[in-house]
Amino acid sequence: MENTQFSFGMIGLGTMGRSLLLNMADHHFSVAGYDKDNDKNSLLEKEGAGKPVKAFNHLPAFIDSLQKPRSVMMLVPAGKIVDGVIEELLPLLEKGDLIIDGGNSHFKDTNRRVDYLSEKGLNFFGMGVSGGEEGARFGPSIMPGGNKEAYHQVQHIFEAIAAKVNDEPCVTYIGPGAAGHFVKMVHNGIEYGLMQLIAETYEVLRKGLQLTNNEIQQLFEKWNKGRLQSFLIEITADIFNYKEEGIDHLLLDDIRDVARSKGTGKWTSQVAMDLQLPETVIDTAVSMRDLSKFKSLREQLSTDFVNDDVPGIPGDKTKYLVALEQAFYFSMITSYAQGMHLLSKASEEYGFELNMAAISRIWRGGCIIRSAFLEEIYRAFTNNNQLEHLYLDNAVQLLLKEALPGMRSVVSTAVTAGIAVPAYAAAISYFDAICSRNMPVNLVQAQRDYFGAHTYELVGKEGVFHTDWK
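Attention in this report is confined to the structure presented alongside it. (Residues numbered from 1 in each chain as written. Predicted model: local features only at pLDDT ≥ 70, side-chain atom pairs only at ≥ 80, totals over all residues. Heavy atoms only, no water.)

### Some thoughts on the nonpolar core
Grouped together as the largest cluster of nonpolar side chains are 90 residues, with contacts concentrated most on Leu343, Trp363 and Phe373. Broken down by element, this core gets its largest block of residues, 15 residues, from helix α14 (residues 317–350). The residues touching Phe373, leaving out its near neighbours within four places in the chain, are Tyr329, Met332, Ile333, Tyr336, Leu390, Val396 and Leu399. Membership of the second largest hydrophobic core comes to 32 residues, among which are Leu13, Met24, Val53 and Ala55. (Core = buried A, V, L, I, M, F, W, Y, C linked by side-chain atoms within 4.5 Å. Buried < 20%, exposed > 50% of the residue type's maximum accessible area, 1.4 Å probe, protein only. Helix = DSSP H or I, 4+ residues; strand = E, 2+ residues; numbered from the N terminus. Contact = heavy atoms within 4.5 Å.)

Given below as structure tokens:
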């Protein structure tokens, strides 16, 4: 291997970087890795024994080992570390070489790096990779964005290692600039929404219906065999099965109810607000993770208001579970619909030229938000890639109408029983508002004009108006 010219290089040999390299080697690509940590280098060579893989702890030697034009991918923490690695690489690279950032960098940072490196004759990709460790090792969903001609340099590698659905690789060129990182950010926002909906479902099942962990596990397992089939439902069923050796209860019951995040959900909400586009399910999911961190305050208030003494939801549990399945399906559709709406709006605003059908196609396999419903999304945007909103698709409308009674029933009974279902409530309120011919914000406009002379528009008349309301 000493004299081999490697076809791809990876900087950062943590779990994801190492797994992607081994995936490439399994597909007969010669690959090189670089890390300052010799233990990580040793682990790569150990796991890659017998494969066309080599680890380096000297950056110039690593760069010299790559075929020209070079393709170098970074999987390092987002932020200043990415810029630091780029500066280390600059003296070693030549015009036409490609640098890929595979981490979760903010898309505005990616745009800045694209421009900076373009001036130096180098190509830069912001690339989303979804699927976690297993996906990286055996087939992720990959979202590369940047110079389209440079994509052809690595297209054959990414198509080989990506997850496959109906023999189609779950990778496509996303668009120019930071399009790849933007799409991955929205993917993660949708992920936040779906995870919050599953958590609220768990709350309804254990507090409202007072089901046992075993009964909850069986329900999620059943749902994963139907139209709710998805990676997140699948792993939730697994979580409700897991006990540590020698322990007679679920590990889940020992996990503290304080959620962490890495910021991509928050970024999605911030960008949506910048574009003045509502993402209510995602916004709620971000807020609930933040709220969970006020553990001591929650404990005090639960005592003050006896909030954990929930009487349960009365009635036929079997019928209620049918309604709950409908409610989850309705809310899941809404979470995806809001995310896709944001992508459509951002594509116009930032010139990303997004192919919505292609994005939904590559999300069907490998990624965290893969689900049976993505086939419906793929079909909808294949029929009309300019579809303004998923709610406008006729088939999706029928699904929403069928699930609507269960949606209303679950939210109303949960609230009556004192069970928090903010993401569910956000989904149905969004639906009711966006389907309203007339909203009450005419009153908001009147108020704004009253106290601030901000003016208003009139029905059937051109121009803006102001009134002396006093």
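Back to the text.
### Side note on the sheet that holds strand β3 (residues 53–56)
On the basis of which strands lie adjacent, the open sheet formed by seven strands has the order β3-β2-β1-β4-β5-β6-β7 and mixed pairing. Each of the sheet's edge strands pairs with one partner strand only, and the pair in question is β3 and β7 (141–145). Within this sheet the neighbouring strands show an average axis-to-axis angle of 25°, counted without direction. Pairing geometry for strand β5 (residues 98–101) and strand β6 (residues 123–130), over four bridges, is parallel. Its bridge partner being in β6, Asp101 is matched across the sheet by Gly126. In the packing of helix α2 (residues 38–47) onto the sheet, contacts are made with β2 (31–34) and β3, and the angle to β3 comes to roughly 170°. (Pairing = 2+ DSSP bridges. Axes fitted to C-alpha atoms, helices over the stretch in contact; angles between N-to-C directions.)

### With respect to the packing of helix α17 (residues 394–416) against helix α18 (residues 422–434)
Contact geometry of α17 with α18 gives a least axis separation of 10 Å together with a crossing angle of 130°. When the axis of α17 is compared with that of α18, the two are oblique. Here the hand of the crossing between α17 and α18 comes out left-handed. Across the interface between the two elements, Leu404, Met407, Arg408 and Val411 of α17 pack against Tyr424, Ala425, Ala427, Ile428, Phe431 and Asp432 of α18. Taken together, the residues of the contact of α17 with α18 sort by class into eight nonpolar, no polar and two charged. (Parallel < 35°, antiparallel > 145°, perpendicular 65-115°, else oblique. Left-handed = near helix turned anticlockwise from the far one by under 90°. Nonpolar A, V, L, I, M, F, W, Y, C, P; charged D, E, K, R; others polar.)

### Regarding the packing of helix α11 (residues 264–274) against helix α12 (residues 280–292)
When two helices pack together, their arrangement is given by the angle between their axes and by how far apart the axes lie. Their axes nearest at 9 Å, the elements α11 and α12 cross at an angle of 135°. By the angle between their axes, α11 is oblique relative to α12. α11 and α12 meet at a crossing whose hand is left-handed. Residues Gly265, Lys266, Thr268, Ser269 and Met273 of α11 form the contact with α12, whose participating residues are Ile282, Asp283 and Val286.

### Points about the side chain of Asn224
Position of Asn224 relative to the elements: it lies in the loop between α9 (213–223) and α10 (231–239). The exposure class assigned to Asn224 is buried, which follows from its relative accessible area of 17%. For Asn224, the side chain forms a polar contact with the main-chain nitrogen of Ser230, separated by 3.1 Å. Setting aside anything within four residues of it in sequence, one finds Asn224 in contact with Gln229, Ser230, Ile233 and Glu234. (Polar contact = N/O pair within 3.5 Å; in protein donor to acceptor, adjacent residues only side chain to side chain.)

### Thoughts on the side chain of Arg113
The topology assignment puts Arg113 in helix α5 (residues 107–118). Side-chain polar atoms of Arg113 contact the side chain of Ser105, separated by 3.5 Å. In this structure Arg113 touches Gly79, Val82, Asp83, Ile86, Asp101, Ser105 and Phe124, once residues within four positions along its chain are discounted.

### Things to note about the packing of aromatic side chains
Aromatic ring pairs are reported here in terms of the distance separating the ring centres and the angle at which the planes meet. By the definition in use, this model includes 22 aromatic pairs. When the ring of Phe220 is compared with that of Trp223, the centres are 5.8 Å apart and the planes differ by 90°; the resulting orientation is edge-to-face. Residue Phe220 and its partner Trp223 are both found in helix α9; the two are separated by three residues, about one turn of the helix. Residue Phe220 is classed as buried on the basis of its relative accessible area, which comes to 0%. Members of the aromatic cluster, connected to one another through ring pairs, are Tyr202, Phe220, Trp223, Phe240 and Phe328. In this structure, Arg206 packs its charged tip against the face of Tyr202, placed 4.6 Å from the ring centre. If you follow Arg289 out to its NZ or CZ, it ends over the ring of Tyr192, 3.8 Å from the centre. (Phe/Tyr/Trp six-rings, centres within 6.5 Å; stacked < 30°, edge-to-face > 60°. Lys NZ or Arg CZ within 6 Å of the ring centre and 35° of its normal.)

### What to know about unusual backbone geometry
Lys68 connects to Pro69 through a cis peptide bond whose omega is -10°. One can find Pro69 in the loop between α3 (59–64) and β4 (71–74). Even without being glycine, Asp167 reaches a positive phi, approximately 65°. Tracing the backbone shows Asp167 in the loop between β8 (164–165) and β9 (168–169).

### A short note on the pairing of β3
In β3, alternate side chains face the same way, and those of Val53 and Ala55 on one face and Lys54 and Phe56 on the other are all buried. Sheet topology note: the β2/β3 ladder contains four bridges and is parallel. Bridge pairing in β3 places Val31 opposite Val53. What joins β2 to β3 is α2, and the crossover it makes is right-handed. (Right-handed = clockwise from strand over helix to strand, strands pointing away.)

By themselves, these figures tell us nothing about what the structure is for.
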